[in-house]
Amino acid sequence: MSKYKFARTFRGFKPSSVIEYLNNLEITYEKEIKEKSEKIEALQKENEELKNTLKKLEEELSKLNEQKIKIAELLIIAQEKAESIVSKAIEEGENKKRALLVEIEEHEKLLQNLKDEIKRIKGELQSFISKFDEKVVEDSQTEFQREGSIM
């Protein structure tokens, strides 16, 4: 609005331009006042909501403090039980470890037996392949000789 230019007449500004400017200025300020009022109402409402939230949170804090005491007591009991469970678990773990070591040893023996069996089968297979290759070469030479005699 500060850059508004009034039309001039013989004795100053044109009255209709001034009235139009003042009307625009009034509308602008009324709009700003309305926006500010709405913002104030919204902030007041938010303030009330925050007060209610604060009250609820304070009540929850009080309950949490009571629960904190109960939890501390339960933690002591839980710790004692946990120590008992851990010692039992260690004992069971050691027993399982011994059993697994025996089982691993048995599996290693089985694995070694399987490796030996694979070597044996591999040797037999290589022998068979060699005999097969010799037979193929022999058959192809015989075939080649037959074809040479036919030609």
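Analysis parameters
- Residues numbered from 1 in each chain as written.
- Predicted model: local features only at pLDDT ≥ 70, side-chain atom pairs only at ≥ 80, totals over all residues.
- Heavy atoms only, no water.
- Helix = DSSP H or I, 4+ residues; strand = E, 2+ residues; numbered from the N terminus.
- Rg over C-alpha atoms; globule rule 2.2 N^0.38 Å.
- Buried < 20%, exposed > 50% of the residue type's maximum accessible area, 1.4 Å probe, protein only.
- Areas by Shrake-Rupley, 256 points an atom, 1.4 Å probe, with all protein chains shown as cover.
- Lys, Arg positive; Asp, Glu negative; His and termini not counted.
- Charge placed at Lys NZ, Arg CZ, Asp CG, Glu CD.
- Patch = residues over 30% accessible without salt bridge, like charges linked within 9 Å, V, L, I, M, F, W, Y side chains within 5 Å.
- Salt bridge = Lys/Arg side-chain N within 4 Å of Asp/Glu carboxyl O.
- pLDDT = per-residue confidence, 0-100.
- UniProt positions renumbered as here; feature names shortened; annotations may be inferred.
- Polar contact = N/O pair within 3.5 Å; in protein donor to acceptor, adjacent residues only side chain to side chain.

## Remarks on the overall build of the chain
Across its full length, the chain holds one helix and two strands. For the chain, the succession of helices and strands along the chain, N to C, is β-β-α. Whereas a compact globule of 151 residues would reach a radius of gyration of roughly 15 Å, the chain reaches 50 Å, over 25% beyond that. Taken along the three principal axes of its C-alpha coordinates, the chain extends 135 × 80 × 15 Å. Counting only residues that meet the buried cut, the chain has 2% of its 151 residues in that class. For the chain, the accessible area works out to roughly 14,700 Å², and carbon and sulfur atoms hold 59% of it. For the chain, the distance from the average position of its 29 positive side-chain charges to the average position of its 33 negative side-chain charges is 11 Å.

## Comments concerning a negative patch on the surface
Together, Glu32, Glu35, Glu38 and Glu41 give the surface a local cluster of negative charge. Within the secondary structure, Glu35 sits in helix α1 (residues 15-150). What makes Glu35 partly exposed here is its relative accessible area of 42%.

## Examining the confidence of the model for the chain
A residue-level look at the chain finds 91% of positions with pLDDT of 70 or above and a mean pLDDT of 89. Here strand β1 (residues 8-9) is the element of the chain with the lowest mean pLDDT, 67, and α1 is the one with the highest, 92.

## Let's talk about the UniProt feature "coiled-coil region" (unreviewed entry) in the chain
UniProt annotation of "coiled-coil region" (unreviewed entry) refers to residues 26-131 when read in the numbering used here. Between the end C-alpha atoms of residues 26-131 there is a gap of 113 Å, over a span that is 100% helix and 0% strand.

## Looking at the pattern of salt bridges
Counted by the stated rule, this structure contains three salt bridges. Of the charged contacts, one joins Arg120 and Glu117 as a salt bridge, the two residues approaching to 2.2 Å between their closest N and O atoms. With Arg120 and Glu117 both in helix α1, this residue pair falls three residues apart, about one helical turn. You can call Arg120 partly exposed: its relative accessible area is 41%.

## Observations concerning the environment of Ser16
Structurally, Ser16 can be placed in helix α1. The spatial distance from the C-alpha of Ser16 to the C-alpha of Lys68 is 75 Å, given a sequence separation of 52 residues.

## A look at the environment of Ser140
Here Ser140 shows up in helix α1. Residue Ser140 is classed as partly exposed on the basis of its relative accessible area, which comes to 41%. The sequence separation of Ser140 and Asn95 amounts to 45 residues, and the corresponding C-alpha distance is 66 Å. Separated by 2.8 Å, the side chain of Ser140 and the backbone oxygen of Val137 make a polar contact.

## Notes on a nonpolar patch on the surface
The grouping of Leu125, Phe128, Ile129, Phe132 and Val136 at the surface amounts to a nonpolar patch, some 500 Å² of accessible area in total. Counting through the fold element by element, Leu125 comes out in helix α1.

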